[in-house]
Amino acid sequence: MYLDTANLAEISQYLKYSWIDGVTTNPTLLRGEKKNRMVQINEILKIIGEKELFVQVSGNTTKEMIEDAESLIQHFGTKIILKIPADRIGFEAIEEIKREYPSTKILATAIFSVEQAYLAGLAGCEWIAPYINRMENQSLEAIEVMAKISTLYASQVIETKILGASFKNSSQVTNCLLAGAHDVTVPVSILDTILTNKLADDSIKVFNEHALEVQSY
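This one's a predicted model, so the numbers in the text were calculated from it and none came from an experiment.

Student: Before we move on, can you summarise unusual backbone geometry with the specific residues and values?
Tutor: Its identity as a non-glycine residue notwithstanding, S139 has a phi of 65 degrees, on the positive side. Mapped onto the secondary structure, S139 falls in the loop between α7 (132-137) and α8 (142-156). By relative accessible area, which is 66% here, S139 ends up exposed.

Student: I'd like a rundown of the sheet that holds strand β8 (residues 183-186), residues and numbers included.
Tutor: Spatially, the eight strands close up into a barrel ordered β1-β2-β3-β4-β5-β6-β7-β8, and their pairing is parallel. Ignoring strand direction, the axes of neighbouring strands in this sheet form an average angle of 30 degrees. Direction of pairing for strand β6 (residues 127-130) relative to strand β7 (residues 161-164): parallel, over a ladder of two bridges. The residue of β7 that forms the bridge with W127 is K161.

Student: With reference to specific residues and values, describe the packing of aromatic side chains.
Tutor: Counting across every chain of the model gives six aromatic pairs. Relative to Y17, the ring of Y14 has its centre 6.4 Å away and its plane inclined at 35 degrees; by these criteria the two rings are tilted. Accessibility expressed as a relative area gives 25% for Y17, which makes it partly exposed. With a centroid separation of 4.7 Å and 20 degrees between ring planes, the pair formed by Y17 and W19 is classed as stacked. Ring-pair connections join several aromatic residues into one group, and the members of that group are Y2, F54 and W127.

What counts, and at which threshold
Residues numbered from 1 in each chain as written. Predicted model: local features only at pLDDT ≥ 70, side-chain atom pairs only at ≥ 80, totals over all residues. Heavy atoms only, no water. Helix = DSSP H or I, 4+ residues; strand = E, 2+ residues; numbered from the N terminus. Buried < 20%, exposed > 50% of the residue type's maximum accessible area, 1.4 Å probe, protein only. Pairing = 2+ DSSP bridges. Axes fitted to C-alpha atoms, helices over the stretch in contact; angles between N-to-C directions. Phe/Tyr/Trp six-rings, centres within 6.5 Å; stacked < 30°, edge-to-face > 60°.

Have a look at this one:
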């Protein structure tokens, strides 16, 4: 499981859990922190240590994407995993980056179809990120798409990992994992919902009350 945030306080708070494998960011999350991107990325790296950090490449053309990727690689090397949109110019950038910087890991992001996932696998991407809630908002069967990607990867022996993303509730997270995602990245709001279960809290409260009564006998 990964944290989908660029907020330093949130990262510091939740990294105490050993099952948090790293952090995913995107331009929108970084923009929300109102700091220089490179500075913020460096601060995140200081906090997470050896855990993984995903950073999205930006640009309106293949050339711009490659230039941005090269800037990130020059600053951070293999400390980060590049996120590159899975569209025509993105796939062109992936080809060039994989050729020039073979040790750089890439996640193909903004996955909305099995076909995109297939091309990302063929391109040698280490990860893909299907957008679950955004698919559902467009009346797409997100979990069915997830399951088909998982089946396709297995049948074609494609080693690309599936990182489920874009969630609005914990049920989407669970269903995504059951459909074959290797991992998920979730915002703190959803992680808090998972960690705070009212039924569990009510039961624990009763147990603690009874434990105090037993001690008084």
